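Working through the structure, step by step
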6 protein chains.
Amino acid sequence: MDSNLLDELLRSCLREDIGRGDLTSESIFSPEQTGRADIVAREEFVVAGAQTVAARVFTVQNKMIIISDALPDGTRVKAGDTLLTVSGPVIDLLKAERVALNLLQRMSGIATFTARFVEKVSTYPVRICDTRKTTPGLRMLEKYAVAAGGGSNHRFNLADGILIKDNHIAACGSISEAVERIRSTVPHTLKIEVETETIEEVQECLRCGVDIIMLDNMSFEMTRKAVEIIDKRALSESSGGITLANVEAVAQTGVDIISIGALTHSAPACDIGMDWL
Amino acid sequence: MDSNLLDELLRSCLREDIGRGDLTSESIFSPEQTGRADIVAREEFVVAGAQTVAARVFTVQNKMIIISDALPDGTRVKAGDTLLTVSGPVIDLLKAERVALNLLQRMSGIATFTARFVEKVSTYPVRICDTRKTTPGLRMLEKYAVAAGGGSNHRFNLADGILIKDNHIAACGSISEAVERIRSTVPHTLKIEVETETIEEVQECLRCGVDIIMLDNMSFEMTRKAVEIIDKRALSESSGGITLANVEAVAQTGVDIISIGALTHSAPACDIGMDWL
Amino acid sequence: MDSNLLDELLRSCLREDIGRGDLTSESIFSPEQTGRADIVAREEFVVAGAQTVAARVFTVQNKMIIISDALPDGTRVKAGDTLLTVSGPVIDLLKAERVALNLLQRMSGIATFTARFVEKVSTYPVRICDTRKTTPGLRMLEKYAVAAGGGSNHRFNLADGILIKDNHIAACGSISEAVERIRSTVPHTLKIEVETETIEEVQECLRCGVDIIMLDNMSFEMTRKAVEIIDKRALSESSGGITLANVEAVAQTGVDIISIGALTHSAPACDIGMDWL
Amino acid sequence: MDSNLLDELLRSCLREDIGRGDLTSESIFSPEQTGRADIVAREEFVVAGAQTVAARVFTVQNKMIIISDALPDGTRVKAGDTLLTVSGPVIDLLKAERVALNLLQRMSGIATFTARFVEKVSTYPVRICDTRKTTPGLRMLEKYAVAAGGGSNHRFNLADGILIKDNHIAACGSISEAVERIRSTVPHTLKIEVETETIEEVQECLRCGVDIIMLDNMSFEMTRKAVEIIDKRALSESSGGITLANVEAVAQTGVDIISIGALTHSAPACDIGMDWL
Amino acid sequence: MDSNLLDELLRSCLREDIGRGDLTSESIFSPEQTGRADIVAREEFVVAGAQTVAARVFTVQNKMIIISDALPDGTRVKAGDTLLTVSGPVIDLLKAERVALNLLQRMSGIATFTARFVEKVSTYPVRICDTRKTTPGLRMLEKYAVAAGGGSNHRFNLADGILIKDNHIAACGSISEAVERIRSTVPHTLKIEVETETIEEVQECLRCGVDIIMLDNMSFEMTRKAVEIIDKRALSESSGGITLANVEAVAQTGVDIISIGALTHSAPACDIGMDWL
Amino acid sequence: MDSNLLDELLRSCLREDIGRGDLTSESIFSPEQTGRADIVAREEFVVAGAQTVAARVFTVQNKMIIISDALPDGTRVKAGDTLLTVSGPVIDLLKAERVALNLLQRMSGIATFTARFVEKVSTYPVRICDTRKTTPGLRMLEKYAVAAGGGSNHRFNLADGILIKDNHIAACGSISEAVERIRSTVPHTLKIEVETETIEEVQECLRCGVDIIMLDNMSFEMTRKAVEIIDKRALSESSGGITLANVEAVAQTGVDIISIGALTHSAPACDIGMDWL
């Protein structure tokens, strides 16, 4: 995550929440008054974005704000633990508070939710992976949070990964034709992934040397069979309808990757507050 | 919601998801090939953002895309209902698809979750209201979705509403002093709201003519008492720890407004897909 | 006034005046040559924006520039008084000079003009208030200058205040209908203001609990009558055709607020120069 | 004035005034309701920016708005004359109204004020010219308005004109040295102007072939003498303390150009309103 | 190449060249005067960006400009051939002319230079590939031009491709360690490439399953040996010091990819002009 | 060259090359690991942009990076010379490396190519001058590099120089008419240049007091004659088809300025690398 890009994003988040100023606080505090506050967990969770994002929200708002004791990404905290301590001008602490908390709650929520999936399959050689079902505008942070929770990332956007879907195949007439057309035009640095729904499609993918075969909404049975057929000649990725309840069963099929939209679109926010010292 | 501001936001969402292009689709389709697809509900929910946001994602991507049969905000749909139909260049439909769905799922999720709260209290003269606990970057859309679900909006940001909290009061010495200082500086067009935790604070608020009294994390008992004391001389707003399970009990206390962070930070996304015709 | 927002605005002002560089100064001075200059009043006026804006223009241009002895907003100065002293690289002092002076002259002009209105009514319990008739792009600074001159601010933009005008009323059929429609949709944190031209309209406003009643272009006589009828049940705001010559007469009617477009659109600029030391 | 640049500027002006939407109008009107209004002079003045700027504010807000009968720049109007007629969605007419009027009042004010200076010297072969004392952010529009009023423009910014001032000269040791250094570095397409305060400086300028000699705050007497000495070998520009009262006397000295900061920083706004039809 | 992204880029190119307006043309032509011109090859070359970029420069400047007979990318033209014809307002044709030509000359230059390399190796199963040595700001267009000339693209930026270089390896202690660390963190959709300088490094790469092996500045002899050892178990990429004179010899070594920085940083511009009709 | 404008440009160049992060380096190095590297000439050339641009690329990426021993613009270096030394966080050195090198190679290339032209005519009183044939987006840097190589700059864009070309003349009927129309509208601070192709046109230019006469694609013979006729009453500028082979012959004609598009569109990039210490 590039720090310049991050700062730009945070600046625009602050602009949204602050508008032309915090009318209440600017009327009451002088720019010189300083304060100190802890950002504190109100429940148990896996931290994402304390040191890397929330801290930076405060320093982007005012570079005089001092951060201390920020917990690294991936730390497990329980209710009452302090994630980071901030001190500096009260007005700016108050201005940055809500954005910092909103991002931290969401990122830690995603990390925590991801970690639960990861634990369920911890004894299998499989990666839990995100999708493009992220919150518009926050993809960089959300994918970062998935990694903080022990998951891994799928392509970032339409320009840095190839995924041939049914309408691409239909337009070309066959998987082979689609793969050939793609292979001749896209950078050789990108793997080619194809979405399949049948064993025949899996076999056609293997014939034309596809790098990643997505097994889309297949039954456990069919997934297992596909994995067997693929036999490590390509990466296998299971996708569609995966929940905490069935993720272990999916892992048992032997797939390499399990991608789950819910990691980012349905992770519950963590409860985090700011306590003044 | 201003359309120019909305377009700017959508353009930046599209830029995030598309990057410098959809390598897969641009390799396979020509810019001239056209298609047609329905955006379809996969479960029951209250629509927000079909006509107003998702449709616009497509036309911002390419103004040649035609939208038809878009459902108005607030419509209740069931699995299988079409929310809108889009037709135009396939490449642009594919480029806009994910952003449109991501926004629609989130906005409809918020509207649906809000509607559940609203129903619970439909026989009481009370407003269900959002907070600033929104997704950074999407506040305009999320507050819009709350309204589509029958809720109402609290202040948009720190510059268009006054909320005097405990550290503001502490800094001034008393509620009266804080209110006086604020009243002399902020626009007379904004109401003044004060966060209270005790009956004494409520009484002090009434003495200095506060417009809105937030009853923060008070018991039902204390809330009821506060409402009685306020006796319509100010708006009363209940806040903190409100869930679907207890919202009706809160409404029974007689408060005017119930504000709920969960409306925006914890609404589950709706299941919505795009079916090609 | 948020400092990040301010810096962004000042950066764009500097870009306009500097273009790709100060060809004259960059040809003559080296980046290392330093200088020192006073910004000096050439006439008597009320300062706005010395410490808060002009100083910041210089530090935004080059953070090595040192500011000293900047006068606080609202200070009354006479010809020859120094408003602030700047020292640092000559090239950057020269680049920032014109923007700093242009803003300072305008802001101090507005503060001074506002102060003249405020003095005229200093014995009445009334606020002198601005409007949306500000210079496009500089509203934040101009409203700030009104406050520095002792005035107060009306709504900032169309999104943070409600003002129901004649064509809104016409579209709804009546004031009551318009107020009801508005009340059910806008945030409860905003007061509702209605523009009235007759006593009947004032009475209807009172019946439906309007928060602020604008008495638009009414005679002194009618204004006085309206104020009597309103009897503190709403704020009364006089507007239209107010000058230094008649503002005291308006205040005598007993209105709470007098709003004056001329504060921002017609305040004469103050004469301020930069003297090298 | 480039139309793309103009549109960008107007979009940012609209964003300032509209914020996230016109809460009042969006609550009352549907996006389909249309209306029609005249923008009307309430006093006599010279028009600037009706056809070119105000009209564009409306079409930038919504390209469905139709403009008719817009008066060309430089037209003299009297109270009651219509400057342009707009028709389209009421919500967007109301959103664009204030920005359009604010710009039109200011631009026409500048054109009118400029025209008064121009008339005073209409029998002399002299140009009335602006300076860099413009409103930050609006320089392009304000210099355009000066031209619409019959004046002409000085350099636009520090990068497209050379003006050697006293501290440049001091740093180089002499005018000749400064001119030589500048001449060897700046584009040959730009004229070189030097600020002078004595006859000796004027003579030195002539010796080193300066293109424009600014006669800064000189008495009429000294100005006349300088003009005589210059004898058309360079353009002569009078600057400093010029008012409507003394401008003709300045013109009588025979200078080629009279530059006046007040044209842009002190022109009174014109009175212009919008009448619904 | 996404059209919204392209338009944004072109708008900023136009802003650079036009500034606040074309003073010459705006003084002479009225906005209504129209004209028509051909963009014509003055020498033989391979076209890139006529239909896709130059045409768009004109329509971004003014959407009323009509484009006709634009040649597709990859077309070979000879002196005198028309690449596209433009017609519309003269002012806007003149404003867009230089940017359109500058881009077209550069893009066609790159396509033509690439095509010369491609021809040299046309009988070998090898791809001619670009690098990150592109003109800052124009990477999207320059990589597009490489493809138009028959070449292919390497990674677009540091975020969409993995290239492990010597200092990465040094920091990890070994290639294997570096690859393992990378593999566990980056998206599975990206291939892993390692820069090698010796046969031992190539062998280590093969042992840890690297996808692409860059043979950096190796002799023909060593390259041939490396290709033999790799034996299609990874893609082999030759890089460093490749010219038109030696590219065929490189191809003869059997490598899969030849990457050449000169394609973008040293392609001579084509000679193209605009002829008015 | 204004430093704020430069930083903005460099930030956008970095964003292009880095995207959301350097996946390889961020996986391998911690943000705390530091390094040190020399930027080194691999061949002989004239430096442009080491101290002024490349150094700034690094500090814009991370202000903790320390620059030392940066060579001033215009220095002649030979293979092996160090242009500047950078030290700081390895991740940021790697992120900034490519952009710094790409700019430095191009700028030094232009300076070197310019210097070759300048040397060829060093005994003649003539300036070697650039044109608008620059790389879109990089004009400020490229014109700066021309100056670093001993050349001088023509107008920067369409708004800061007047160049009357054939279609302007045709539209007006004659050169005199065009010049008159221009003179009455453009700032008096800009010289007026006219493009001529015949001796008659040159004579007409002189009659109407044109400041610069461009002798476009004239033979040496005709150029010499034109220069004689002009006889220092205007600047003479030779343009069109000028190469290293014929530039001295052009200088011999006595023209004041020789403008050459190739300086910026066809200068070969210099070979520069970064060596880790």
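Relevant structure appears above.
Throughout what follows, the structure given in this document is the object of discussion. Here the structure is a predicted model, which is why all the values come from computation and not from measurement.

Conventions and cut-offs
- Residues numbered from 1 in each chain as written.
- Chains lettered and ligands numbered in written order.
- Predicted model: local features only at pLDDT ≥ 70, side-chain atom pairs only at ≥ 80, totals over all residues.
- Heavy atoms only, no water.
- Buried < 20%, exposed > 50% of the residue type's maximum accessible area, 1.4 Å probe, protein only.
- Helix = DSSP H or I, 4+ residues; strand = E, 2+ residues; numbered from the N terminus.
- Pairing = 2+ DSSP bridges.
- Right-handed = clockwise from strand over helix to strand, strands pointing away.
- Contact = heavy atoms within 4.5 Å.
- Buried area = accessible area lost by both parts, 1.4 Å probe.
- Salt bridge = Lys/Arg side-chain N within 4 Å of Asp/Glu carboxyl O.
- Least-squares fit on C-alpha atoms with pLDDT ≥ 70 in both.
- Polar contact = N/O pair within 3.5 Å; in protein donor to acceptor, adjacent residues only side chain to side chain.
- Nonpolar A, V, L, I, M, F, W, Y, C, P; charged D, E, K, R; others polar.
- Disulfide = S-S within 2.5 Å.
- Axes fitted to C-alpha atoms, helices over the stretch in contact; angles between N-to-C directions.

**Overview of the pairing of strand E8 (residues 192–196) of chain A**
Residue and element names in this part refer to chain A.
- Buried residues dominate E8, accounting for five of its five residues.
- Taken together, the four bridges between E8 and strand E9 (residues 212–216) define a ladder with parallel strand orientation. Paired with Val-194 across the two strands is Ile-213, which belongs to E9.
- In this view, the connection linking E8 to its parallel neighbour E9 by way of helix H8 (residues 199–207) has right-handed handedness.

**A short note on the interface of chain C and chain D**
- Between chain C and chain D, the residue contacts involve 53 residues of the former and 53 residues of the latter.
- Summing both sides of the interface, chain C and chain D together bury roughly 4,500 Å²; the carbon and sulfur share of this comes to 56%.
- Counting the contacts that link chain C with chain D gives four salt bridges.
- Of the charged contacts in the structure, one is a salt bridge between C:Arg132 and D:Asp17, with a shortest N-O distance of 2.6 Å.

**What about the relation of the copies chain C and chain D?**
- Turning chain C through 180 degrees and shifting it by 0.0 Å along the axis lays it on chain D, with an RMSD of 0.0 Å. Taken together, the turn and the small shift mark the pair as related by a two-fold rotation axis. For chain C, the residue whose C-alpha comes nearest the rotation axis is C:Gly137, separated from it by 3.3 Å.

**What to know about the relation of the copies chain F and chain E**
- Under the fitted operation, chain F is carried onto chain E by 0.0 Å of movement along the axis and a turn of 180 degrees, and the coordinates agree to an RMSD of 0.0 Å.
- Of the residues that chain F buries at the interface, 100% are likewise interface residues in chain E, meaning the two copies contact each other through the same surface.

**Considerations on the interface of chain F and chain E**
- Contacts between the two partners involve 53 residues from chain F and, on the opposite side, 53 residues from chain E.
- Summed over both sides, the interface between chain F and chain E buries roughly 4,500 Å², with carbon and sulfur atoms accounting for 56% of that surface.
- Of all residues in chain F, F:Glu16, F:Pro136 and F:Leu158 bury the most surface against chain E, accounting for 16% of the area lost on that side.
- Here chain F is connected to chain E by four salt bridges.
- At the boundary of chain F with chain E, the tally comes to 30 residue pairs in polar contact (both at pLDDT 80 or more).
- At the level of secondary structure, the elements contributing two or more residues to the side of chain F that touches chain E comprise helix H1 (3–18), helix H2 (23–28), helix H4 (90–120), helix H5 (139–148), strand E7 (162–164), helix H6 (166–172) and helix H7 (175–183) of chain F.
- Here the side of chain F that touches chain E gets six residues from one element, more than from any other, and that element is H4(F).
- Split into classes, the residues belonging to the side of chain F that touches chain E amount to 25 nonpolar, 16 polar and 12 charged.

**As for unusual backbone geometry**
Residue and element names in this part refer to chain C.
- Even without glycine at this site, Lys-232 takes up a positive phi of about 65 degrees.
- Here Lys-232 shows up in the loop between helix H9 (220–230) and strand E10 (235–239).
- The class of Lys-232 is exposed, set by a relative accessible area of 65%.

**A few points about the environment of D:Thr34**
Residues and elements named next belong to chain D.
- Tracing the backbone through its elements, the reader meets Thr-34 in strand E1 (residues 34–41).
- For the pair Thr-34 and Val-90, spaced 56 residues apart in sequence, the C-alpha to C-alpha distance is 4.9 Å.
- Leaving out residues up to four positions away in the same chain, Thr-34 has contacts with Gly-88, Pro-89 and Val-90.

**Points about the environment of E:Thr112**
- Mapped onto the fold, E:Thr112 is located in helix H4 (residues 90–120).
- Expressed as a C-alpha distance, the spacing of E:Thr112 and E:Val60, which sit 52 residues apart in the sequence, is 26 Å.

**Re the state of the cysteines**
All names here are of chain F.
- Applying the stated criterion across every chain yields a total of zero disulfides over all chains.
- Of all cysteine sulfurs in the structure, the one in Cys-208 sits closest to Cys-172, which takes part in no disulfide; the separation is 11 Å.
- On the basis of relative accessible area, Cys-172 is assigned to the buried category, the value being 12%.

**Observations concerning the sheet that holds E10(C)**
All names here are of chain C.
- What the six strands build is an open sheet, ordered E6-E11-E10-E9-E8-E7; its pairing is parallel. Taken across any chain shown, the strands that pair with only one partner, and hence form the sheet edges, are strand E6 (127–129) and strand E7 (162–164). Averaged over neighbouring strand pairs, the angle between their axes works out to 25 degrees when direction is ignored.
- Direction of pairing for E10 relative to strand E11 (residues 257–259): parallel, over a ladder of three bridges. Bridging from a neighbouring strand, Ser-239 pairs with Ser-259 of E11.
- Contacting strand E9 (212–216) and E10, H9 crosses the sheet at an angle of about 165 degrees to E9.

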